[in-house]
Amino acid sequence: MGRASGVNAAGFKAACFKAAGFKAGRILAALLACLLIVGCTRTPLYSQLDEQQANELMAALLDAGIPAEKDPSPSKTGWEVMVNRGDIPYAMQVLNSRGLPRAQYRSLGEVFKKEGFASSALEEKARYLYGLSQELSRTLTRIDGVVEARVHIALPDRDPLGGNVQDSSASVLIFERPGQSLRDRETDIKVFVKDSVEGLDDVNKVTVKFFTVQSPPKVHQAAGPLNAVIGSIDLSAVIIGAGVLVLLAIAAFFFGRLRSRFFPPSQPPPQSNARGGVWNG
């Protein structure tokens, strides 16, 4: 009877510890799942974009192997593009190398929008040059391979007495993607700017300078669906997860020590000999 009760008590203790270990495993799995969810949280990269800008950013990021999402902005104005926190540095390099998001150029109609009763001649000229430069820059950025274009126009004032006046001139800066051959189209660019500026009659008065935008460094991307998982894990979440695992291992170690101290292993019952006595070895 005593032996049976001892066996039952030992089995009950073993079942309790087994249940406690199963519960600890479930808690550990839940913690790891929460850490993965935190590590995969998207962070807004740009907000308040129009739909064309958002689509251009999405196309560039996905083409570079960066997981991205597009959602309406929380401010209810335009769209926002989100990436994983760990992908932000590389995403910014990719977008900068492609001149994205593109600058919002103002048209002549927007520049000369009537806002006051009268403007001075100097203000009118400044607004005209600014609006014309914006129009020319926007047109040049539509050329395939152009990341960004800047046009600066020098338009001298006319002499009312008919004296000698300096010729108009223009300076164009073209920032091109690596591997493009836009220098072969220098003459076309000069003719386009000459025909667009009043008083600019000499194509040699238009200078065009080309600059190559540095491409982002190539990042090794793992193949298959594992790529998206690896790219979505935040380094901070991995560090936190490692710390939690270390704490759990320490807790399990001390739990085992306490269990062996307060619940020592049960001794086997003494065996009796054939004469009914107790054999003590």
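Just so it is clear, the model here is predicted, and its values are computed rather than measured. (Residues numbered from 1 in each chain as written. Predicted model: local features only at pLDDT ≥ 70, side-chain atom pairs only at ≥ 80, totals over all residues. Heavy atoms only, no water.)

We now examine the confidence of the model for the chain. When pLDDT is averaged along the chain, the result is 74; 56% of the residues meet or exceed 70. Mean pLDDT across the elements of the chain bottoms out in helix H7 (residues 226-232) (48) and peaks in helix H6 (residues 186-196) (95). This model gives residues 1-7 a pLDDT under 50, and the stretch forms 1 contact once residues within four places in sequence are excluded. (pLDDT = per-residue confidence, 0-100. Helix = DSSP H or I, 4+ residues; strand = E, 2+ residues; numbered from the N terminus. Contact = heavy atoms within 4.5 Å.)

Two elements in contact, helix H5 (residues 121-140) and H6, have axes separated by 11 Å at closest approach and are oriented at 150°. The angle between the axes of H5 and H6 places the two elements in the roughly antiparallel class. You can see that H5 and H6 cross each other, and the crossing is right-handed. Contacts from Leu132, Leu136, Thr139 and Leu140 in H5 reach Ile189, Phe192, Val193 and Ser196 in H6. (Axes fitted to C-alpha atoms, helices over the stretch in contact; angles between N-to-C directions. Parallel < 35°, antiparallel > 145°, perpendicular 65-115°, else oblique. Left-handed = near helix turned anticlockwise from the far one by under 90°.)

A few words now on the packing of aromatic side chains. Counted by the stated rule, this structure contains 1 aromatic pair. Measuring from centroid to centroid gives 5.7 Å for Phe175 and Phe211, while their planes differ by 25°, and the two rings are stacked. Taken as a pair, Phe175 in strand S5 (residues 169-176) and Phe211 in strand S6 (residues 206-212) lie far apart in primary sequence, 36 residues in all. (Phe/Tyr/Trp six-rings, centres within 6.5 Å; stacked < 30°, edge-to-face > 60°.)

Take Ala60: it is sitting in helix H2 (residues 51-63). Since its relative accessible area comes to 2%, Ala60 is described here as buried. If sequence neighbours within four positions are ignored, Ala60 has contacts with Val94, Leu95, Arg98 and Leu100. (Buried < 20%, exposed > 50% of the residue type's maximum accessible area, 1.4 Å probe, protein only.)

Since the α-helix advances by 3.6 residues per turn, residues separated by three or four positions end up pointing in the same direction. Taken as a whole, H6 has its buried residues at Ile189, Lys190 and Val193. With its buried residues spanning 100° around the axis, H6 presents them on a single face. Turned more than 90 degrees away from the buried face of H6, the exposed residues are Thr187, Asp188 and Asp195. Close packing links the buried residues of H6 with H5, S5 and S6. (Arc of directions from axis to C-beta.)

Okay, the sheet that holds strand S4 (residues 146-154) next. The strand order S4-S5-S6 describes an open sheet built from 3 strands, whose pairing is mixed. If you trace the sheet from one side to the other, it starts and ends with S4 and S6, each paired once. Pairwise comparison of adjacent strand axes, ignoring direction, gives a mean angle of 15° for this sheet. In this sheet, S5 lies alongside S4 in antiparallel orientation, the contact comprising 8 bridges. (Pairing = 2+ DSSP bridges.)

This paragraph deals with the nonpolar core. When a protein is soluble and globular, its nonpolar side chains tend to lie buried together. Core analysis: the largest hydrophobic core is formed by 20 residues, its most contacted members being Val172, Ile174, Ile189 and Val193. Of all the secondary-structure elements, those providing two or more residues to this core are H5, S4, S5, H6 and S6. Setting aside residues no more than four positions away along its own chain, Val193 makes contact with Leu136, Ala170, Val172, Leu200 and Val206. Counting 17 residues, the second-largest nonpolar core is a separate cluster that includes Ala54, Met58, Ala68 and Ala91. (Core = buried A, V, L, I, M, F, W, Y, C linked by side-chain atoms within 4.5 Å.)

Glancing now at H2. Taking 1.5 Å per residue, 13 residues should reach 18 Å; H2 reaches 18 Å between its end C-alpha atoms and fits that length. At the N-terminal end of H2, a side-chain oxygen is found 3.3 Å from the backbone nitrogen of Gln52, two or three residues along, and the residue is Asp50. Looking at the residues trailing H2, positive phi occurs at Gly65, about 80°. (Expected span 1.5 Å × (residues − 1). Polar contact = N/O pair within 3.5 Å; in protein donor to acceptor, adjacent residues only side chain to side chain.)

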